[in-house]
Amino acid sequence: MKTSKTPYLFSIIVPVYEHWHLIPYLLHAISQQDVLENSYEVILVDNGSQNIVVPKQLPNYVKIIHCQLPGSYAARNQGAKLAQGEWLVFTDADCVPDKKWLAAYKEAIESYEDISCLLAGPISMVLEGNDQNPYAIYDLIKGIPQKRYFQKGYAATANLVVSRQAFNKVGGFDAKRFSGGDAAFCRAVVNQNTPFYWVETAEVCHPTRTTWLEIETKARRVKGGQWYSNARLYWLCKTILPPILEWSRFLRKSNHSLRNRLLACCVQSRVWWVELKEIAKLFAGHRAERQ
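Below: a short report on this structure. Predicted, not measured: the structure shown is a model, and the values here were computed from it.

Scoring rules and cut-offs
- Residues numbered from 1 in each chain as written.
- Predicted model: local features only at pLDDT ≥ 70, side-chain atom pairs only at ≥ 80, totals over all residues.
- Heavy atoms only, no water.
- Axes fitted to C-alpha atoms, helices over the stretch in contact; angles between N-to-C directions.
- Helix = DSSP H or I, 4+ residues; strand = E, 2+ residues; numbered from the N terminus.
- Parallel < 35°, antiparallel > 145°, perpendicular 65-115°, else oblique.
- Left-handed = near helix turned anticlockwise from the far one by under 90°.
- Contact = heavy atoms within 4.5 Å.
- Nonpolar A, V, L, I, M, F, W, Y, C, P; charged D, E, K, R; others polar.
- Buried < 20%, exposed > 50% of the residue type's maximum accessible area, 1.4 Å probe, protein only.
- Polar contact = N/O pair within 3.5 Å; in protein donor to acceptor, adjacent residues only side chain to side chain.
- Pairing = 2+ DSSP bridges.
- Phe/Tyr/Trp six-rings, centres within 6.5 Å; stacked < 30°, edge-to-face > 60°.
- Patch = residues over 30% accessible without salt bridge, like charges linked within 9 Å, V, L, I, M, F, W, Y side chains within 5 Å.
- Areas by Shrake-Rupley, 256 points an atom, 1.4 Å probe, with all protein chains shown as cover.
- Salt bridge = Lys/Arg side-chain N within 4 Å of Asp/Glu carboxyl O.

### As for the packing of helix α9 (residues 232-240) against helix α11 (residues 258-283)
Helix-helix packing is described using two parameters, namely the angle between the two axes and the distance between the axes.
So, point 1. At a minimum axis distance of 9 Å, the contact between α9 and α11 shows a crossing angle of 135 degrees. Judged by the angle between their axes, α9 and α11 are oblique. At the point where α9 passes α11, the crossing takes the left-handed sense. Facing α9, whose interface residues are L236, T239 and I240, α11 presents W272, E275, L276 and I279.
So, point 2. Among the residues making up the contact of α9 with α11, the classes are represented as five nonpolar, one polar and one charged.

### Observations regarding helix α4 (residues 134-142)
So, point 1. For α4, the set of buried residues is A136, I137, Y138, D139 and I141.
So, point 2. On its buried side, α4 packs onto β7 (123-126), β10 (204-207), α8 (212-227), α10 (244-252) and α11.
So, point 3. Its side-chain oxygen at 2.7 Å from the backbone nitrogen of Y135, N133 defines the N-terminal cap of α4.
So, point 4. Backbone geometry just downstream of α4 places G143 in the positive-phi region, at approximately 60 degrees.

### Considerations on the pairing of strand β4 (residues 85-90)
So, point 1. With six of six residues buried, β4 is to be regarded as a mostly interior element.
So, point 2. One ladder, built from five bridges, connects strand β1 (residues 8-16) with β4; its direction is parallel. Counted as the bridge partner of I13 is F90 from β4.
So, point 3. Across four bridges, β4 lies against strand β8 (residues 160-163) in antiparallel orientation. Along β8, the bridge assignment pairs V89 with V161.

### Thoughts on the sheet that holds strand β5 (residues 96-97)
So, point 1. In spatial order, the strands read β5-β10-β7; together these three strands make up an open sheet with mixed pairing. Single-partner strands in this sheet number two, and they are β5 and β7.

### Let's talk about the packing of aromatic side chains
So, point 1. The tally for this structure, following the rule as stated, stands at 13 aromatic pairs.
So, point 2. Centre to centre, the rings of F90 and F173 are 5.3 Å apart; their planes meet at 85 degrees, and the pair counts as edge-to-face. One end of the pair, F90, is in strand β4; the other, F173, is in the loop between α6 (164-170) and α7 (181-190), and 83 residues separate them in sequence. We note that F90, like F173, is buried.
So, point 3. Three or more aromatic residues link up through ring pairs in this structure, and these residues are Y73, F90, F167, F173 and F185.

### Observations concerning a nonpolar patch on the surface
So, point 1. A surface patch of nonpolar side chains, amounting to about 260 Å² of accessible area, comprises L251, L258 and L262.
So, point 2. The topology assignment puts L262 in helix α11.

### Structural notes on the side chain of R209
So, point 1. Within the element layout of this structure, R209 appears in the loop between β10 and α8.
So, point 2. Judged by relative accessible area, which is 13%, R209 ranks as buried.
So, point 3. Not counting chain neighbours up to four residues away, the residues in contact with R209 comprise M125, Y135, A136, D139, E214, I215 and K218.

### Quick word on the environment of E41
So, point 1. Mapped onto the fold, E41 is located in strand β2 (residues 40-46).
So, point 2. Given a relative accessible area of 0%, E41 falls into the buried group.
So, point 3. Spatially, the C-alpha atom of E41 lies 8.6 Å from that of N60, the residues being 19 residues apart in sequence.
So, point 4. In this view, E41 contacts Y8, F10, S11, I12, Y61, K63, A83, Q84 and G85; residues no more than four positions away in its chain are not counted.

### A few points about the sheet that holds strand β3 (residues 62-66)
So, point 1. The seven strands are arranged β3-β2-β1-β4-β8-β6-β9 in an open sheet whose pairing can be described as mixed. Taken across any chain shown, the strands that pair with only one partner, and hence form the sheet edges, are β3 and β9 (196-198). The sheet shows a mean angle of 25 degrees between the axes of neighbouring strands, taken without regard to direction.
So, point 2. Against the sheet, helix α2 (residues 72-82) engages β1, β2, β3 and β4, with an angle of about 150 degrees to β1.

Okay, here's the thing in structure tokens:
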């Protein structure tokens, strides 16, 4: 809980890279939270955007800072340095939290009574309008399986909360990485015998990607993160092999039509080709994708 040394219970830290047009939606969702407004602050960390459009009439609890070192993990570290909250809450510029988001985390923190812990909640993919193009369908079916990640000992930073004490203990995120830093961070925290809790009602929504460029860019960024991880050989072998596991997962998702599941498999096959090319480029010394 909030102590006399920290003016806020939560510091919500959001790295922003070329997504300033989405910030008004995020801030609106935060303004609707079922907790007292004076219990949190929002730190928007610009990470070298070419076009910064600051929303008009920013609330007093919102700060905008800049991080010159490229990469969302470097930006999160910068935000954490200036944060005044007892608990650091991470989400992304393209996410929209449920109105019970912070209240659910507050209730969990009070329930578990751990002064130092890690918490995560679900990330639900939502279609933009009635967009049913193959890329939106693929992203919807693939999703961000946060519960599965949690069961493996990590979580995506689109919906992650950590005590300041646990964050400082491991030195924050690996600022050199453009992808995969959330998994490495969570595992480092858990390895310090820090409890890790799942909070089912602390949900954020993430819009589906609707273009091939968005799907391709993410695939390249993720592959770069895997390439620079401590398990390079594992990811190299996994990339070379056909994505049979992903195809199988898609086909088993019976809540989607067979047509859409097959479409997702086709897009995954195209993604596999992108991953193979990206591995070849990284092997040749090219820089990893950061977007």
